[in-house]
Amino acid sequence: MKLYSYHYLINGFSVLITAQQADMLSRRQEVANVVLDFPVRTATTYTPQFLGLLKGVWPRDGGYETAGEGIVIGFIDTGIDPTHSSFADDVSDHKYPIPDHFSGICEVTRDFPSGSCNRKLVGARHFAASAITRGVFNSSQDYASPLDGDGHGTHTASVSAGNHGIPVMVAGNYFGNASGMAPRSHIAVYKALYKSFGGFAADVVAAIDQAAQDGVDIISLSITPNRRPPGIATFFNPIDMALLSAVKSGIFVVQAAGNTGPSPKSMSSFSPWIFTVGAASHDRVYSNSIVLGNNVTIPGVGLAPGTCSNEMYTLISAVHALSNETTLANDMYAGECQDPSNFDREFIQGNLLICSYSIRFVLGLSTVKQALQTAKNLSAAGVVFCMDPFVIGFQLNPTPLNMPGIIIPSTNDSKILLQYYNSSLERDGFTKKIVRFGAVASISGGLEANYSVSAPKVMYYSARGPDPEDGFLDNADIMKPNLVAPGNSIWAAWSTLGMESVEFQGESFAMMSGTSMAAPHIAGLAALIKQKFPHFSPAAIASALSTTASLYDKNGSPIMAQRAYTNPDLNQSPATPFDMGNGFVNAASALDPGLIFESTYEDYMSFLCGINGSIPIVFNHTGQNCQLYNSTVTAADLNLPSITIARLNRSQTVGRSLTNIAGNESYRVDWTAPFGVSMNVTPAHFFIAMGEKQVLNITFNAMTNDSTASFGRIGLVGNGGHNLNIPLSVIVKLY
């Protein structure tokens, strides 16, 4: 059964056949290549301010009213909620024409009726043929339409291009106004991922193919493969090859690095033509605390109001407030406060109810929302969630609570609270029954944000380099990630049908974390660059973002990277290029990079043709013969704004070509060599006129035998105010 014919980017089709039929087809002379389908997975109110868009970027070209205008961003994700105000086209009197170069359509289904699209949401389709043939498509949850039944796609689209000034109301509380990075950009949705199963490469490739046909300017993928692609090189997987053809068409492609950090080689985005984004924090945090009657203060999380100021409330553990009909023997999970009928209202009314936060909350079997409903039904003054000691290392994001409450994420802090509680109980000396609950506490609110923390820092879950070039985990001469962007605790639009986060069900906004949130930040900023420089190639946009990235946090200290899943802030060290690529995105500087590194489709083809054994594979994927290309080009020779040498055998010289897109300027070249390496860059000074090119030759010499990766940098300092940063990494050194 044929599923798709791919017309625009690759010459091929997808089909449902048996393994035996696939083997027979692969032997036919007329068949160039047979590739097994594989699964894929999904990887704001404040970040525009944190990134300097309000003062340093949007005002340059008319403010947020025109930021990104005329640029279409294509999202390959879980769909979109078209009714959300973040995607309305009537929030401004400013005219909002659909760009002439875009030719996409809006699917009309029962779930996605006529009128769902507008001048903001200009296209919407869905792709599920592969999933349907596998029998995993659940029509009641997944929707055979562009409608988002998950929430992820709505969130990512609004991070990039959501309307400016949309109020964020969650659990009845106001958390500021939301805006995308390019609030005037247009959105085209290509749904290829679904709530109940994720997605499959055949559907994703069909979505990429359609987006390119429709004429999008940027493709944003907050998705990664479930496993490292097999074969002679990771670059030859169907998604990366389809994206190569998209880049050939002039489309800038952004992909999430993946949430498999912090271990080395955890990268899930591989190719040099893809702009890979890791996740970093920003400096806004929400936190609250509980003050115990013994003057001990315990920190916690929870987007919740506090109890009445200066008033202490009695603490009551759920397991001590059970009704006569309920025992822990017949409901061992009663302490999770999921069923109000389990409890005696007389005990709980007006007091703080202590509930247990167990692994069942992590798995979605119990929910904070249900515990809050229980507490409300029993007229509790508030809720305190204590962490079960078996929930080790789980990182809690702030959770919306519609009544006074706190979640204590630390098992040690939870023990401290429970020790105080138990020591304050008074029991009958004969029956041992509790006659008085002596522990008291008050909860401070967590609705107000705090901006005192150091940021950005690379989050523990953000996937790390070095970039694996094959299934044997050999290292590629390609720097990944390209850079990091805000990805932690991001407020953005949410589908009212969204099911990905049970705590935000029914809400119109959600706070999410992941490289999935970081990638659309870059897609939106790329739209601003494309708007200012309409003729920029994808490589030029990538260069502008990369070379201007920051190496320092808001306090002027080196950016840190979390190194462990458990207690990540206690396990961190300065970030390396394998953690953050060129650094943390600097939006204002990216709009004025001075010099750019240009790469072409032909350069990428030469690199692919230089991979040992790749000639027939290149032909199968592209229909082009490697004899047309210079197959002596290696990945280190690509004109990227970074240099990685996976294996330095004595000495190696690489070149980089720079093009001046600004005025005439003189540059000084500084460098710091990786440990165990001596290096030289020529010329060390140069003058470059507007539109001219300058080649730098960089020579690396191994000074020792070493298999530990080491890092350096090249800095280009212009007398006109332009400063470029080129990270260096050398992994194996053979003297």
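Residues numbered from 1 in each chain as written. Predicted model: local features only at pLDDT ≥ 70, side-chain atom pairs only at ≥ 80, totals over all residues. Heavy atoms only, no water.

## With respect to empty space enclosed by the protein
Okay, step 1: By volume, the largest cavity is sized at about 230 Å³.
Okay, step 2: Every residue lining the largest cavity is counted, 24 residues in all, and those nearest its centre are P272, N482, A542, L640 and P641.
Okay, step 3: Those elements giving two or more residues to the lining of the largest cavity turn out to be β13 (252–256) and α14 (538–547).
Okay, step 4: Ranked by the residues each element gives to the lining of the largest cavity, the list is headed by α14, at 5 residues.
Okay, step 5: Taken together, the residues that form the lining of the largest cavity break down as 17 nonpolar, 7 polar and no charged.
Okay, step 6: In this structure, the lining of the largest cavity is formed jointly by two domains, domain 1 (47–283 + 454–591) and domain 3 (638–732), each of which donates at least three residues. (1 Å grid on protein atoms, 1.4 Å probe; cavity = no way out; pocket = protein on both sides within 12 Å on 5 of 7 lines; lining within 4 Å. Points joined across faces, edges and corners; volume = space filled by probe spheres on them. Helix = DSSP H or I, 4+ residues; strand = E, 2+ residues; numbered from the N terminus. Nonpolar A, V, L, I, M, F, W, Y, C, P; charged D, E, K, R; others polar. Domains from an automatic or database assignment.)

## Side note on the sheet that holds strand β40 (residues 723–734)
Okay, step 1: As summarised here, the arrangement of the 5 strands in space is β33-β40-β39-β35-β37, forming an open sheet in which the pairing is mixed. Of all the strands in the sheet, the pair left with one neighbour each is β33 (643–649) and β37 (685–688). Neighbour-to-neighbour, the strand axes of this sheet turn through a mean angle of 25°, independent of strand direction.
Okay, step 2: With 6 bridges connecting them, β33 and β40 associate as parallel partners. Across the sheet, T644 pairs through a bridge with S729, a residue of β40. (Pairing = 2+ DSSP bridges. Axes fitted to C-alpha atoms, helices over the stretch in contact; angles between N-to-C directions.)

## Here's the deal with the domain arrangement of the chain
Okay, step 1: Per the domain assignment, the segments making up the chain are domain 1 (47–283 + 454–591), domain 2 (286–450) and domain 3 (638–732).
Okay, step 2: Computed from C-alpha coordinates alone, the two centres of domain 1 and domain 3 are separated by 30 Å.
Okay, step 3: At the interface, 20 residues of domain 1 touch 20 residues of domain 3.
Okay, step 4: Taking both sides of the interface into account, the surface hidden between domain 1 and domain 3 amounts to around 1,500 Å²; carbon and sulfur atoms contribute 68%.
Okay, step 5: In terms of surface lost to domain 3, no three residues of domain 1 exceed M479, T547 and F578, which account for 32% of the buried area on that side.
Okay, step 6: At the surface where domain 1 touches domain 3, the tally comes to 0 salt bridges.
Okay, step 7: Scanning the region where domain 1 abuts domain 3 turns up 4 residue pairs in polar contact (both at pLDDT 80 or more).
Okay, step 8: Within the residue set of the side of domain 1 that touches domain 3, elements represented by two or more residues are α14 and α15 (577–580).
Okay, step 9: The residue inventory of the side of domain 1 that touches domain 3, partitioned by class, reads 12 nonpolar, 7 polar and 1 charged. (Contact = heavy atoms within 4.5 Å. Buried area = accessible area lost by both parts, 1.4 Å probe. Salt bridge = Lys/Arg side-chain N within 4 Å of Asp/Glu carboxyl O. Polar contact = N/O pair within 3.5 Å; in protein donor to acceptor, adjacent residues only side chain to side chain.)

## Focus: the environment of G610
Okay, step 1: Looking at where G610 falls in the secondary structure, it is placed in the loop between α17 (601–609) and α18 (615–622).
Okay, step 2: Taking relative accessible area as the criterion, G610 reaches 37% and is therefore assigned partly exposed.
Okay, step 3: Separated by 19 residues in the primary sequence, G610 and Y629 place their C-alpha atoms 9.0 Å from one another.
Okay, step 4: Setting aside residues up to four positions removed in sequence, G610 forms contacts with S631 and V633. (Buried < 20%, exposed > 50% of the residue type's maximum accessible area, 1.4 Å probe, protein only.)

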